[in-house]
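Analysis of the macromolecular model
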Amino acid sequence: MSAALELTGICVERGGRSLVRELSLDLDAGEVVAVVGPNGAGKSTLLRVASGEIAPTSGSARLSGRALQDWTASGRALRRAVVPQTSDLSVGFEVRDVVLLGRLPHRDRSNARDDEAAALRALARVGLTHLAQRTYTTLSGGERQRVHLARALAQLDGAERRGAVLLLDEPTASLDLAHACAALELIRGLADEGRAVLVVIHDLTLAARYADRAVVLRDGQALAQGAAREVLTPEVLGRAYDVELVRIDDPRLSFPVLLPVRARLGAAVAALALLCAPDAAHAEPELVVTGTRSPESTQRATVATRVVTRKEAERRGATDVGEALSGELGVQVNSSAYDYLGNPAAIQIQGFDADRVLVLEDGERVIGDVGGAIDLSRLPLAGVQRIEVVTGPTSSLYGASAIGGVVNVITAPPDAEGPSASARGEWRSRNTWLGLGTAALRADESWIALDGGYLRSDALRLRSPLPDTALPEVHRSSGGVRAGLPLFAGGSLLLKAKIVHDDLRGATSQVVPGLGRYTTETPETTRRYALYAGETLRLGASSLRISLARQGVDDATGDDRVASPLDETRSRAQALTSGEATVTWAQDAHCTWVFGARGEVERFSQSLRRTALVLGTLTQSEVVEVAPTSLGSAAAYAQLGWRPSRDVTVMPGARAEHHTRYGSVVAPRLAASVRASDAVTVRASLGRGFRAPSAKELGFFFDHSFLGYRVEGNPELRPETSWGVNGEVAWRVEPEVLVRVGGFANWVHDLIDFDLAPVQPGTGVTDYTYANIGKARTWGGEAQVRFALGSRLSSEVGYCFLGTRDDTLGRPLPSRRPHTVLAGLRWSLPAGFEIVGRWRAVSEAWVAEGVYAPPFTTVDVRVAKALGSNAQAYVGGTNLLDAARDPLRAGDQRPLAGRTLYLGLSAELAREP
Amino acid sequence: MTDRALALTDAARPRIRGRRERARWVTAVCALLLALAVVSGTAIGPVPISLADVLRALVHGLGLPAAALDAGTEHVLVALRLPRIALGVLVGSVLALVGASMQGLFRNALADPGLIGMASGAALAADLVIVFAGHHAAPRGLLLGLLPAAAFGGALVTTLLVWQLARRSRREPTLALLLTGFALSAIANASIGVLSLVADEGQLRSMTLWLLGSLNGASWPVVLACLPAVLATWIALPRVARQLDALQLGEREAGHLGVDVHALRRRVIALSALAVGACVGFTGAIGFVGLIVPHALRLLLGPSHGALFLGSALLGAALLVASDSIARVVIAPAELPIGVVTALVGAPVFLALLLRQERLAL
């Protein structure tokens with residue numbers, strides 16, 4: 001038997017502001033539930049969700065077991081009635097006519113005579129029979145209130161009493177003492193007949209007396225929920241209202257009396273309150289989509305998801321996705337995982353890097369890896385709304401290869417109606433200029449957004465008079481257009497196109513014995529484009545999404561020896577075409593299915609044009625290093641979100657993939673979350689991972705003999721397989737304090753990694769190749785505490801441990817850092833100032849026998865000043881302690897860029913709502 | 001409980017019956033007024049025709065044995081007077097019905113068919129035709145055909161524009177419609193002002209006459225052309241009467257009662273624009289009927305739209321037909337613009353009702 005009204009995990013956001021957060025409430029037949037809380041706590045919003053007037057941003061609201069939005073308007077009106085706090089009825093209906101309006105939903109099944117009788121019954125019930133013929137506008141406020149109650153009764157008359165829902169917004173607000181008591185007696189009686197009643201009420205004593213259960217709201221969150229007499233205590237209410245109360249339990253009364261004594265705002269408190277007054281900017285959107293492909297609140301998501309919003313990225317002084325994520329606990333963005341092979345920002349999660357962490361843009365896999373991993377520093381922040389990180393093999397929706405996790409870079413339609421824009425301009429050390437902007441136009445469901453970004457920076461030289469660069473000179477521009485169009489009721493089309501142009505100019509120098517020092521310029525030009533078209537059809541809570549995407553990366557790397565005709569240019573082309581269809585089917589209150597199928601074709605080719613001296617003459621030759629190779633794969637997946645009860649979610653899923661080259665694999669995954677109480681959420685997951693070797697690991701050839709190394713692909717590679725488990729407990733100790741403790745372990749077979757041992761000793765050239773490492777493990781844990789002191793000061797402290805083991809060779813995996821400690825502080829001061837500070841310490845890492853990557857500590861500080869309500873000027877520095885790599889030290893993986901200072905301006909413009 | 005309720009029903013019955021009866025009486029009186037207006041309208045005019053002749057023509061027209069009228073009188077009756085009356089009935093009922101539904105939709109007693117720019121749009125389009133088609137010395141026949149088409153188009157385009165613009169506003173939808181309607185009307189009126197500067201004497205006169213309205217363009221084809229839109233209004237508007245009643249509680253409360261307010265608003269506005277556009281094209285803008293008739297009836301009947309719609313249609317038709325009769329004879333052989341007459345006839349009645357209102361309301 002489902003409850004008459006079931007609200008589960010309701011979140012409501014309007015214009016980026018959270019009005020109701022994570023609220024769950026069941027309303028059973030026969031009970032009265034009181035909602036109490038201070039002004040602006042979200043009571044009315046909650047009532048509007050319960051009435052079906054507005055749909056929650058996330059979460060589900062069900063009437064008699066069926067989603068409120070799935071009912072027809074009149075079907076809904078037959079089962080639930082709403083009594084407004086005030087009505088602006090100003091025309092001279094007769095009272096009886098007003099009550100008759102309640103019969104409107106019955107018009108197809110009732111006749112005038114029955115309607116009349118129902119109206120009179122309702123009037124008799126509220127004791128207004130004698131006023132049946134009076135003109136409504138001549139009634140007193142209290143009488144009007146009762147007329148509307150009668151109207152609601154007439155509306156529910158004839159509907160099945162059991163499970164009919166009555167929603168009342170402060171029904172006693174305009175009633176005198178006697179009528180207030182009478183009204184609540186009446187409401188109590190209505191519930192006793194089997195109706196379910198939800199009543200927003202200010203009088204705490206009346207609430208304690210007449211309600212079975214109570215919910216205490218503050219700032220859109222339930223501070224407490226339960227039996228009315230247990231919940232309505234001076235402690236809870238004091239917290240909700242900022243007031244001191246006494247509760248009198250007089251044995252002569254069957255109910256407690258609650259009286260306010262005084263407001264808690266003394267002079268000192270008032271001064272503090274000014275310093276700590278609520279600051280909307282601290283309450284950021286808390287929705288995530290990665291786990292299930294539909295919005296869930298962070299707190300309720302079955303899969304633990306970390307979010308870095310655009311604003312947070314800005315606060316971290318980030319210019320690209322890599323910098324935005326560096327410093328996120330449990331996520332390691334390595335300045336260079338493979339030393340010379342250059343991955344300025346390769347991500348590592350749970351000890352996995354390269355292709356084991358899927359990098360997605362709006363759910364679509366990003367291609368264009370360099371040396372095996374997506375370089376996050378080449379993903380500009382233009383148009384990015386937030387970045388979500390899911391750790392561990394948890395969700396079945398994205399690819400079996402996501403052993404370490406998923407990074408989802410999310411763009412979002414503009415929030416604001418009409419034209420809006422955001423822009424950020426910045427100057428940074430090394431003559432770096434950054435410009436990011438988005439201009440958008442929205443009219444109802446149609447919107448279009450243009451994103452643009454530009455970054456230029458000087459090269460970072462390693463050894464000063466020499467031109468050798470640690471970081472090349474960068475010119476990066478990106479542009480994109482996104483548009484959403486409603487097609488028809490429930491259908492919408494999303495179109496995206498994006499271009500990124502990257503121009504890097506680096507240089508190296510090398511002493512060749514007997515010939516002197518050669519300087520080689522290493523320019524690199526990358527063009528990246530992505531096209532996406534997706535159509536979504538919605539039917540109630542279910543949806544069908546069909547998408548087509550195409551991405552291409554053309555990359556040319558040159559080695560141009562200065563003052564010499566000898567040079568070479570390596571060109572690579574990579575393209576991914578994919579199609580995907582996903583069905584989200586909300587079967588009922590408890591089961592939501594996600595089914596999907598995806599097909600993709602990836603092409604890769606590489607050629608080398610070189611000018612060389614052959615037998616004393618300059619010869620130009622072109623070598624096809626990797627013949628155009630196509631890899632196709634198809635995948636089918638299914639994931640069930642099953643909520644056997646309100647607090648338990650089990651999410652089993654499976655993904656079957658077929659690769660043209662490696663055959664098929666089935667990767668089962670299971671995630672579960674339990675809300676042990678309103679404050680504690682426990683999550684666990686178990687999953688299988690499978691990763692086929694990439695085209696490059698199989699066929700890549702990279703000859704840098706003159707630098708002393710060569711990399712060769714290994715066509716014999718076998719796919720990797722893994723099992724992983726994850727667990728996490730999130731405990732909201734107080735509304736202001738959140739504690740998270742988690743752990744994970746992964747067992748990998750046939751892990752593909754560089755084989756660093758020289759294959760041909762004695763030639764002076766080190767040959768690197770890829771090899772399957774028989775068995776490897778990674779395990780670890782993290783603990784994090786976030787707390788707010790007042791609402792202007794928030795802070796986080798975290799620690800993360802990572803252990804790795806190559807079981808075949810009996811040593812750790814290289815370049816995995818065992819300990820990370822993190823502390824951050826954000827303080828909003830009066831007059832629009834904001835100070836953000838971050839401190840991070842990273843321990844030593846094993847690289848190779850006798851070689852260790854040194855530990856380092858970074859400190860970032862940023863001070864911002866709001867200019868008006870829309871703009872902000874800021875100044876800050878990252879890596880203030882100047883932890884930087886020593887070019888002469890082998891295995892040093894400290895940040896490439898040392899201390900960086902910046903100064904900028906950001907603005908956000910939208911038409912006032 | 002049930003017994004008590006039944007007892008109460010019995011007790012309350014006499015008074016309730018009285019109220020129902022009042023509605024019935026008022027409706028009957030309106031119907032009677034319409035019948036009177038129609039009959040006298042056929043008889044009154046520059047060429048007086050006796051009631052007996054009218055009856056004879058009617059009997060003859062039905063193919064029953066009766067002496068035919070002389071050709072001149074029959075022409076006046078069948079080709080001039082009857083279509084004029086029919087058009088008066090159609091236009092009068094539409095204007096009053098639309099006025100009543102607009103007042104309900106906007107929950108504003110001052111709403112009328114011109115509220116959201118329909119009338120101004122039609123007028124602007126008509127004046128454009130008068131001024132520019134006139135300059136090019138277009139044949140008069142073409143001008144006469146073009147005028148209604150343009151007015152119809154003008155009303156529809158303005159309404160669509162108002163609707164689309166209002167959708168983009170973040171205000172409460174009804175208020176947004178009102179304000180955008182007001183703004184567009186102002187623009188249209190300003191444009192008409194500009195037009196009146198470039199118009200010559202004759203055109204200026206045509207413009208003024210069009211603004212005050214007249215039924216003298218009536219003919220059977222015109223009546224047929226208006227009929228579909230008018231029929232649609234007659235049939236569809238009364239069906240939303242109870243939903244409009246619910247809307248008086250407020251949009252949110254109407255939604256709680258299962259009313260799709262957005263669809264309701266769209267339907268009422270679309271029907272109104274269609275019917276008003278179709279009618280005013282032929283008659284010019286006839287003011288006052290749409291404002292006063294429903295308002296007067298609301299004073300008598302209360303705000304329930306069911307009774308209000310029927311009464312408005314009858315009384316609106318009666319008012320327009322009667323006003324037209326008066327317009328035809330007062331300064332015969334010339335004609336008064338009908339808008340002048342509706343205002344002169346309607347306003348005093350309206351004022352009288354208004355002064356009685358206090359007694360009625362209590």
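None of the values given here were measured: they were computed from a predicted structure.

Now for helix H12 (residues 289–301) of chain B. Residue and element names in this part refer to chain B. When the terminal C-alpha atoms of H12 are compared, their 18 Å separation across 13 residues agrees well with the 18 Å that a helix rising 1.5 Å per residue should span. With 11 of its 13 residues buried, H12 lies for the most part within the structure. Buried within H12 we find Val289, Gly290, Ile292, Val293, Pro294, His295, Ala296, Leu297, Arg298, Leu299 and Leu301. The first or second residue beyond H12 is Gly302, which carries a positive phi of 85 degrees.

Attention now moves to a nonpolar patch on the surface. Residues and elements named next belong to chain A. Together, Trp427, Trp433, Trp827, Phe833, Ile835, Val861, Val863, Val875, Leu901 and Leu903 give the surface a local cluster of nonpolar side chains, amounting to about 830 Å² of exposed area. For the nonpolar patch, the secondary structure elements donating two or more residues are strand S44 (833–842), strand S47 (856–867) and strand S49 (900–910). Along the chain, the position of Phe833 falls in strand S44.

On to the confidence of the model for chain B, then. All names here are of chain B. Mean pLDDT for chain B: 80, with 88% of residues reaching 70 or above. Looking over chain B, one finds the lowest element-wise mean pLDDT in helix H1 (residues 2–43), namely 68, and the highest in helix H9 (residues 241–247), namely 91. Predicted confidence for residues 1–17 stays below pLDDT 50, and this span has 11 contacts to residues more than four positions away or in other chains.

Moving on to the confidence of the model for chain A. Residues and elements named next belong to chain A. Of the residues in chain A, 91% reach a pLDDT of 70 or more, and the chain-wide mean stands at 83. The model gives residues 265–285 a pLDDT under 50, and that stretch makes 25 contacts with residues more than four places away or in other chains. Confidence over residues 337–343 falls short of pLDDT 50; this stretch has 24 contacts with residues more than four positions distant or in other chains.

A few words now on the sheet that holds strand S1 (residues 5–14) of chain A. Remark on secondary structure: sheet strands pair via backbone hydrogen bonds, oriented parallel or antiparallel. All names here are of chain A. Taken in spatial order, the 4 strands of this open sheet run S2-S1-S4-S5, and their pairing is antiparallel. Both outer strands of the open sheet, strand S2 (17–27) and strand S5 (66–67), are each paired with one neighbouring strand and no more. Pairing between S1 and strand S4 (residues 58–63): 5 bridges, direction antiparallel. Bridging across to S4, Leu7 finds its partner in Ala61. In the packing of helix H1 (residues 43–50) onto the sheet, the strands contacted are S1, S2 and S4, and the crossing angle to S1 comes to about 125 degrees.

Residue and element names in this part refer to chain B. Where helix H3 (residues 71–105) meets helix H13 (residues 305–330), the closest approach of the two axes is 7 Å, and the angle between their N-to-C directions is 140 degrees. If you check the angle between H3 and H13, you find them oblique. In terms of crossing hand, the pair formed by H3 and H13 is right-handed. Looking at the contact of H3 with H13 residue by residue, the classes come out as 11 nonpolar, 8 polar and 4 charged.

This next bit is on the sheet that holds strand S8 (residues 196–200) of chain A. Residues and elements named next belong to chain A. With mixed pairing, the 6 strands of this open sheet are ordered in space as S6-S7-S8-S3-S9-S10. Two strands bound the open sheet, and with one partner strand each, they are strand S6 (80–83) and strand S10 (221–227). Averaged over all pairs of adjacent strands, the angle between their axes in this sheet comes to 15 degrees, without regard to strand direction. Sheet topology note: the strand S9 (residues 213–218)/S10 ladder contains 6 bridges and is antiparallel. Within S10, the residue paired with Arg218 across the bridge is Gln221.

On inspection of all chains with the given rule, the structure shows 53 salt bridges over all chains. A salt bridge links Asp97 of chain A to Arg96 of chain A, with the shortest nitrogen-to-oxygen separation between them at 3.9 Å.

Our focus in this paragraph is the pairing of strand S18 (residues 357–361) of chain A. Residue and element names in this part refer to chain A. Across the 5 residues of S18, 5 count as buried, placing the element largely inside the fold. Across the two faces of S18 the burial is the same, with Val357, Val359 and Glu361 and Leu358 and Leu360 all buried. As defined by bridge partners, S18 adjoins strand S21 (residues 405–411) across 5 bridges and the pair is classed as parallel. Across the sheet, residue Leu360 finds its bridge partner in S21, namely Asn408. Here S18 pairs with strand S19 (residues 364–365) via 2 bridges, running antiparallel.

Calculation notes
- Residues numbered from 1 in each chain as written.
- Chains lettered and ligands numbered in written order.
- Predicted model: local features only at pLDDT ≥ 70, side-chain atom pairs only at ≥ 80, totals over all residues.
- Heavy atoms only, no water.
- Helix = DSSP H or I, 4+ residues; strand = E, 2+ residues; numbered from the N terminus.
- Expected span 1.5 Å × (residues − 1).
- Buried < 20%, exposed > 50% of the residue type's maximum accessible area, 1.4 Å probe, protein only.
- Patch = residues over 30% accessible without salt bridge, like charges linked within 9 Å, V, L, I, M, F, W, Y side chains within 5 Å.
- Areas by Shrake-Rupley, 256 points an atom, 1.4 Å probe, with all protein chains shown as cover.
- Salt bridge = Lys/Arg side-chain N within 4 Å of Asp/Glu carboxyl O.
- pLDDT = per-residue confidence, 0-100.
- Contact = heavy atoms within 4.5 Å.
- Pairing = 2+ DSSP bridges.
- Axes fitted to C-alpha atoms, helices over the stretch in contact; angles between N-to-C directions.
- Parallel < 35°, antiparallel > 145°, perpendicular 65-115°, else oblique.
- Left-handed = near helix turned anticlockwise from the far one by under 90°.
- Nonpolar A, V, L, I, M, F, W, Y, C, P; charged D, E, K, R; others polar.

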